[in-house]
Amino acid sequence: MGERMQEAIKRYQEIQEKNLLGGGIKDIERQHERGKLTARERIDKFIDPGTFSELGSSVGTTGARMDGRIPVAPCDGAVVGSAKVHGRPTMIYASDFTVLGGSTAAQHLMKYAQTLIMSAKWGIPLVNLLDSSGGRLGYSDVTSAGIDWHFRLESLYSGVIPQITVLMGPCIAGGAYLPTLCDFLLMSRISANMWLGGPRQTQAATSEKFDRNVGGADYHMRFSGSADTVGNDDEETIAQCRELMRYLPQNFREKVPDWEKKDDPLREVRILEDLIPDDFKRTYDMHEVIKALVDEGDFFEIKDEYAKNLITCFCRFNGEVVGLVANNPQYPGSILEINACDKYYRFLQVLDAYNIPLVNLVDTPPVVPGESEEAKGLLRHIGKIVDVYSTTTVPKISVVLREAYADAGCMILGVPKSMGSDLVYAWPISRFAVEASELDYRPIYSQGIEEDAYEAYLNRSREKVDAFDVGLTWTAQVIDEIILPKDTRKKIIEALEVTRKKCEKFPPRAKMHTASPT
């Protein structure tokens, strides 16, 4: 080996050693004191051991401080590269909070942008392990620092490859848009915060004071609905991300792999007859029904603490991944309102983008009426689901367990099947109607209604029709078949098998999207 090569290798090794220390021992210790992992520790927790291949390791900052000095910034605070997760290639971006607070400047943001471009070109997911104080203000190379470019790239590649953000630190102002543009956002309870304006910034601008918990993981799960899952700390949140990856394909052209099949596809589920009461006024927890139906009782719920009257989750039937959406009678009669509509709409978009079949479990899905919901634009929100359900091309299977009420409530859950459902099953006990209400309208209308009008129209809308009456004629196109509760799992698996090669094409459009309600 020549002298020049020896010097070059020595220089390379020095850079790598500095990179491993990030901002230095003190900053690493401070990170640990806050209950957080470092960027490289997070990568090691996320990936299959020994598979990380770093890119751009020799990059440093090009921006000087206002006094002209250029700080030491290993990797410019962005660790990027490829790795394997469950044996499948994945791209990773991890912001390093020990390097200038994980702040973003030109080289940092360029590394992220190129990582996203490569992910889309190669057809592999991108996972962001985010912990950043935002733009590196006070430095010469920072204006918007390319964050506007990121907005466009994330939007262009949305639905092309899975984009997932695991937020384990602050996320403020313009940078807070980046996680919300991803397919999924996972937040750490101990460390994640996301605001358009943080407490101090908001107080300076508007004099409003609010607690730091506003913008925390639980806040964005329960109130804003921005978070998809919440973990207690970095390690648990990263583990959730690893599990989520098992339910997603590499890109929009591929299907999710069928993992090992351990559950009998012909298994009867007799416990369903005991789980779901005959008395329509009695509630139950739909989670128990899902556990009984899916492979090994295992499912991955999305937004579990948001709009709890509607369950959205990933699960498997005979090894095949599906997205399952179900009413949950345990919470306010499983009625649908704006938050439930938004939750459902977003989930449907992801399923259709990544070729994941939809299964609906339907029980009492009317839409809640009232001035408050109407003022918030309830009709627009329902319209969005009607639009996306109608144009979704993945297999769509619905099972009515007990009740299917209300015109919009039924339709957005695939009943009647003229909405575009592929197969609609109903239990023998199920019943159908336009309205769930059993109230007498006459006192409300007082003398402004004739008796025959009440009997001919207003009372008829509440008339309950059972599954056998509905099943008398196919011209109604409400259901395809009445099934026994114990056969529900088997019938869903049969439906998934028969619709696996479904090919549905709509009239050609000049644009990729519809003009859905806003």
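To keep things clear, this report deals only with the structure shown in the data block. (Residues numbered from 1 in each chain as written. Predicted model: local features only at pLDDT ≥ 70, side-chain atom pairs only at ≥ 80, totals over all residues. Heavy atoms only, no water.)

Side note on the overall build of the protein chain
Now for step 1: In terms of regular secondary structure, the protein chain is built from 19 helices and 19 strands.
Now for step 2: Taking all 518 residues of the protein chain together, the buried fraction comes to 52%.
Now for step 3: Accessible surface computed for the protein chain: about 24300 Å², of which carbon and sulfur atoms make up 53%. (Helix = DSSP H or I, 4+ residues; strand = E, 2+ residues; numbered from the N terminus. Buried < 20%, exposed > 50% of the residue type's maximum accessible area, 1.4 Å probe, protein only. Areas by Shrake-Rupley, 256 points an atom, 1.4 Å probe, with all protein chains shown as cover.)

A short note on the sheet that holds strand β18 (residues 465-466)
Now for step 1: An order of β15-β17-β18 is seen for the three strands of this open sheet, with the pairing classed as mixed. Both edges of this open sheet fall to β15 (403-405) and β18, since each of them pairs with a single strand only. (Pairing = 2+ DSSP bridges.)

Looking at helix α12 (residues 338-353)
Now for step 1: An ideal rise of 1.5 Å per residue puts 22 Å on 16 residues; α12 measures up with 23 Å between its terminal C-alpha atoms.
Now for step 2: Its side-chain oxygen placed 3.0 Å from the backbone nitrogen of N339, E337 serves as the N-cap of α12.
Now for step 3: Positioned one or two residues after α12, N355 has a phi angle of 60 degrees, which is positive. (Expected span 1.5 Å × (residues − 1). Polar contact = N/O pair within 3.5 Å; in protein donor to acceptor, adjacent residues only side chain to side chain.)

Details of the nonpolar core
Now for step 1: Counting residues in hydrophobic clusters, the biggest one holds 93 residues, and the most contacted among them are F46, I164, F184, F314, Y344 and F432.
Now for step 2: The element contributing the most residues to this core is α12, with nine residues.
Now for step 3: If you look at the next biggest cluster of nonpolar residues, it comprises 31 residues, including L272, Y284, A326 and A495. (Core = buried A, V, L, I, M, F, W, Y, C linked by side-chain atoms within 4.5 Å.)

Considerations on the side chain of T392
Now for step 1: Relative to the helices and strands, T392 resides in the loop between α14 (378-391) and β14 (396-400).
Now for step 2: Here V388 takes part through its backbone oxygen, which lies 2.4 Å from a polar atom of the side chain of T392.

Observations concerning the packing of aromatic side chains
Now for step 1: Going through the model one piece at a time under the given rule, you end up with seven aromatic pairs.
Now for step 2: Each ring, one from F184 and one from F314, has its centre 6.0 Å from the other, and the planes form 65 degrees; the classification is edge-to-face. In this pair, F184 sits in strand β7 (residues 184-188) while F314 sits in strand β11 (residues 310-317), placing the two residues 130 residues apart along the sequence. Assigned by exposure class, F184 and F314 land together as buried.
Now for step 3: An aromatic cluster of at least three residues, connected via ring pairs, comprises F184, Y247, F300, F314 and F347. (Phe/Tyr/Trp six-rings, centres within 6.5 Å; stacked < 30°, edge-to-face > 60°.)

A short note on the environment of I429
Now for step 1: Among the secondary structure elements, I429 is positioned in the loop between β16 (423-426) and β17 (431-433).
Now for step 2: Exposure remark for I429: the relative accessible area of 30% places this residue in the partly exposed category.
Now for step 3: Put simply, I429 and L484 are 55 residues apart on the chain and 9.4 Å apart in space, counted from C-alpha to C-alpha.
Now for step 4: Here I429 is in contact with D278, F280, L401 and R402, once residues within four sequence places are set aside. (Contact = heavy atoms within 4.5 Å.)

A word on helix α1 (residues 3-21)
Now for step 1: The terminal C-alpha atoms of α1, which comprises 19 residues, lie 28 Å apart, in line with the 27 Å expected from a rise of 1.5 Å per residue.
Now for step 2: Phi turns positive, to about 55 degrees, at G22, one or two residues after α1.

Remarks on the sheet that holds strand β19 (residues 481-482)
Now for step 1: One open sheet holds the seven strands; their spatial order is β10-β11-β12-β13-β14-β16-β19, and the pairing between them is mixed. Of all the strands in the sheet, just β10 (299-302) and β19 have a single pairing partner and so form its edges.
Now for step 2: Note: β16 against β19, two bridges, orientation parallel. Across the sheet, the residue bridging to A426 is I482, located in β19.
Now for step 3: Along the sheet face, helix α11 (residues 286-293) touches β10, β11, β12 (320-327) and β13 (358-362) and points at about 10 degrees away from the line of β11. (Axes fitted to C-alpha atoms, helices over the stretch in contact; angles between N-to-C directions.)

Some words on the side chain of S103
Now for step 1: Tracing the sequence through the fold places S103 in the loop between β3 (88-95) and α4 (106-122).
Now for step 2: Side-chain polar atoms of S103 contact the backbone oxygen of L100, separated by 2.7 Å.
Now for step 3: Excluding residues that lie within four positions of it along the chain, S103 makes contacts with D76, H108, S132, S133, G134, G135 and R136.

A short note on the packing of α12 against α14
Now for step 1: It is at 9 Å that the axes of α12 and α14 come closest, and there the two elements cross at 20 degrees. By the angle class used here, α12 and α14 are roughly parallel. Along this stretch, α12 crosses α14, giving a crossing that reads as left-handed. Each of I338, C341, D342, Y344, Y345, L348, Q349 and D352 in α12 lies in contact with α14, whose residues at this interface are L378, H381, I382, K384, I385, V388, Y389 and T391.
Now for step 2: Of the residues that constitute the contact of α12 with α14, the class distribution is ten nonpolar, three polar and three charged. (Parallel < 35°, antiparallel > 145°, perpendicular 65-115°, else oblique. Left-handed = near helix turned anticlockwise from the far one by under 90°. Nonpolar A, V, L, I, M, F, W, Y, C, P; charged D, E, K, R; others polar.)

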